[in-house]
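If you want the building blocks of each chain, they are given just below.
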Number of protein chains: 2
Amino acid sequence: MKSLIVGQSGGPTSVINASLAGVYYGAKKKGFDKVYGMVNGIEGLLQDHIIDLDEYFLDKDNLELLKRTPSSFLGSCRFKLGSIKDHEETYEKVFEILDKHSIDSLIYIGGNDSMDTVESLSDYAELKKKRQNFIGVPKTIDNDLPITDHCPGFGSACKYIATTLREVIQDNNCYGTTKPTVAIVEIMGRHAGWLTSAAALAKDETCEGVDAIYLPEIPFNLDTFVEETTELLKKKPSLVIAVSEGIKTEDDKFICELNASNLAVDSFGHKELAGCAETLCKILKEKLGIKTRAITLSTLQRAAAHLASKTDLDEAYNCGVKGAELAFDGQSGKMVYMDRVSNDPYKIEYKIFDDIHKIANIEKKIPLEWIDVDNNYVKDELVNYLRPLIQGEVKQIYKNGVPQHINMKK
Amino acid sequence: MKSLIVGQSGGPTSVINASLAGVYYGAKKKGFDKVYGMVNGIEGLLQDHIIDLDEYFLDKDNLELLKRTPSSFLGSCRFKLGSIKDHEETYEKVFEILDKHSIDSLIYIGGNDSMDTVESLSDYAELKKKRQNFIGVPKTIDNDLPITDHCPGFGSACKYIATTLREVIQDNNCYGTTKPTVAIVEIMGRHAGWLTSAAALAKDETCEGVDAIYLPEIPFNLDTFVEETTELLKKKPSLVIAVSEGIKTEDDKFICELNASNLAVDSFGHKELAGCAETLCKILKEKLGIKTRAITLSTLQRAAAHLASKTDLDEAYNCGVKGAELAFDGQSGKMVYMDRVSNDPYKIEYKIFDDIHKIANIEKKIPLEWIDVDNNYVKDELVNYLRPLIQGEVKQIYKNGVPQHINMKK
């Protein structure tokens, strides 16, 4: 009798449930007798809030629905275990619950903070000679995890951003010279500009693309921004500009901080950003007297399962399957990652990264040589990196005009 | 030799180009020898800015692309002709250009303001014994035109709103009781709540739906709103609330006006609204100390052709075809409209409304008996009215991971 428990943590993505589907499928196939899910991640586990996934997913149709359901089926949390030294009771509680249910392996699907949790639990198990093993499966729309070529969840967000921007560009162009408009589209990404760079994917022979891309990797200067926009407006009446929510001035101030003095801080100490596009629109309106429109993609970019990338969904699923295999083999403190062995044709191999200490809490940014600083754009190398990730569409299951999802019973 | 010119006006929709495709197809089939397009509506026509649509649409693949391209292929405008008495020169200029190109008929695809233009030109032609005839084809995501059962463009916007809200609800639920969040989603609609009411379509057996819907038809009370939200939060930790951008207090103030003293005004005298969800979030945060998230669907809801309703797209096309038939028959000052002769099974007949004077500048609101005021929701009658409009999906044409569109050559 061998049992596994799986959890989801951090901000959701369009395909984090595809990874859950992969873990479930892979675990059963490998020979786990029981596959449990923790409700709301480690926070729920600590309250012994767990479910038996057989109850839902012995039915293959439900597994297909799961792959197409955005957000975290199991619920998520933002919970930091803290240092082993200061929080031994919490760690002991985790193992007590795992033992109670005879659980052998734990898989955590998440981003930087979740890999931190996997690392801590694995370290604690080693230190205290506990029998359980811990595996991380990567997930983040932000694409800021090191080691892995890219993260499951990122490709679908890119496809949403590229598609939406193409539609926004069409919309914004419709008044032509009769009513020049600058639309500023705010895209997620606190410190890394990966998601914002996907704005470049809007461009092809049938779409002129966005007119500028401002990334958090490059310090942002307000005066320069107004000058650059003025220059662009001399060439065409309607502009669409993509900005990262995380762009900062040279003295390290978020653009939205220029307006709001107090920013809320989440439980990991990250500042909650909002209103960067709004702030820039206000400034352009004041200085240039033109019509502006701030569009904030908000959570839509991470939840738009109806526009998921087939490539991304398949990769998320495969990462889950690989995680289950590692778990069954008794490996611990390791993360599944993707190695791009070829770009044309695009080919990914699923590998094991041995030392999760080198992953947790490190943010991977866009290499500066992939950014075209002079033109506020990205270089072809970056577009070539991104393009394969948005290929393919997922056949949705519609009923009564809306895509179908699956939810936990209440 | 018989020629027609077609124009698009007002805010774009996902399927206004399907109506253009219908006009082109219908006009050629009926026997018009030439089908011209005016670039940027009447404003472009006055500058003799017209194109021959054969250049693009003799190729049937292009006509299919046109149906799937959001925004106005021909470009739009917001141009008021003004009264005949005060602007005779402008009217004469229009007819001079029509005569120059031997144009017999004009079709204008648009909303209230565009029907006003059709009416004025038709009146002028009658008054001055001009030979041209003028036909209106309805379009508006707002669904606020009288006479017609509903407007082309509305159904696709509803499908986008319902789908997006289902995804937002999934996303918002993911932290469960660990981090209660109220998401307020702001939906377009200045005076009529039709679009916002489509939030009710998110609900089915696999989705709990939104928790409240605030419509502009009902005066909005801030204190009551805070109380109602407090009550809802006692029952569940995560709420998604749909609000119309146009909700107003009892003393006729837009909610966003409570924050911003100056509102820009567009060329038709409409106030430019923004920030209603943002304002409400700020108030909830202050009063209840909870996490909030303002999501504004902005132009995405009118431009998301990738989520177009098949029913809506087909109807938009058919309205265009019908318009071309009326134009060929020499009718004038009339609008195509849709009559729902049966709801189950859903069946539409395309008819002619004889007197456009009864359409122009009248805004149709939601009947009060379709609103469940006590529960901040809509009644089943309204859901039954809306549901057929979002049925069916349009097969998109993807290339390189993004949906393909067609644009005018520069």
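Asks: How would you summarise unusual backbone geometry if you had to cite specific residues and measurements?
Replies: Cis rather than trans, the peptide bond between Asp344 of chain A and Pro345 of chain A has omega equal to 5 degrees. Relative to the helices and strands, Pro345 of chain A is located in the loop between β10 (334-343) and β11 (346-353). Of note, Asp48 of chain A is a non-glycine position whose phi angle comes to about 60 degrees, a positive value. Topologically, Asp48 of chain A is positioned in the loop between α2 (41-45) and β3 (50-52). We note that Ser298 of chain B has phi near 45 degrees; this positive angle belongs to a residue other than glycine. Positionally, Ser298 of chain B belongs in the loop between β9 (291-296) and α11 (300-303).

Asks: I'd like to hear about the domain arrangement of chain A, residue by residue, with values.
Replies: Residues and elements named next belong to chain A. What the domain assignment reports for chain A is domain 1 (3-152 + 305-363 + 391-403) and domain 2 (154-302). With 22 residues of domain 1 in contact, the opposing surface of domain 2 contributes 18 residues. Considering only residue class, the side of domain 1 that touches domain 2 consists of 7 nonpolar, 8 polar and 7 charged.

Asks: Can you break down helix α12 (residues 310-328) of chain A residue by residue, with the values?
Replies: All names here are of chain A. A rise of 1.5 Å per residue sets the reference length of α12, with its 19 residues, at 27 Å; its end C-alpha atoms lie 27 Å apart and thus fit the reference within 8%. In terms of burial, α12 is largely enclosed, as 15 of its 19 residues are buried. Phi turns positive one or two residues past the end of α12, at Gly330, with a value near 80 degrees.

Asks: Provide a residue-level description of the sheet that holds β9 of chain B, including the pertinent values.
Replies: The strands making up a sheet associate through hydrogen bonds between their backbones, and the pairing can be parallel or antiparallel. Residue and element names in this part refer to chain B. Judged by pairing direction, the sheet is parallel, and its 4 strands sit side by side in the order β7-β8-β6-β9 without closing on themselves. The open sheet is flanked by β7 (212-214) and β9, the only strands paired with a single partner. The average undirected angle you get between the axes of adjacent strands in this sheet is 20 degrees. Pairing geometry for strand β6 (residues 181-187) and strand β8 (residues 238-244), over 7 bridges, is parallel. Pairing of Ile187 across the sheet is with Ser244, part of β8. On top of the sheet, helix α7 (residues 154-173) reaches β6, β8 and β9; it is set at about 150 degrees to β8, its chief contact.

Asks: So what's going on with the packing of helix α1 (residues 16-30) of chain B against helix α4 (residues 60-67) of chain B? Which residues, and what values?
Replies: Packed helix pairs are characterised by how far apart their axes lie and by the angle those axes make with each other. Residue and element names in this part refer to chain B. Packing of α1 against α4 leaves a shortest axis separation of 7 Å and a crossing angle of 145 degrees. On α4, the residues touching Asn17, Ala18, Leu20, Ala21 and Tyr25 of α1 are Leu63, Leu66 and Lys67. Each residue belonging to the contact of α1 with α4 can be placed in one class, and the counts come to 6 nonpolar, 1 polar and 1 charged.

What counts, and at which threshold
Residues numbered from 1 in each chain as written. Chains lettered and ligands numbered in written order. Predicted model: local features only at pLDDT ≥ 70, side-chain atom pairs only at ≥ 80, totals over all residues. Helix = DSSP H or I, 4+ residues; strand = E, 2+ residues; numbered from the N terminus. Domains from an automatic or database assignment. Contact = placed C-beta atoms within 7 Å. Nonpolar A, V, L, I, M, F, W, Y, C, P; charged D, E, K, R; others polar. Expected span 1.5 Å × (residues − 1). Buried ≥ 20, exposed ≤ 12 C-beta atoms within 10 Å, placed from the backbone. Pairing = 2+ DSSP bridges. Axes fitted to C-alpha atoms, helices over the stretch in contact; angles between N-to-C directions.

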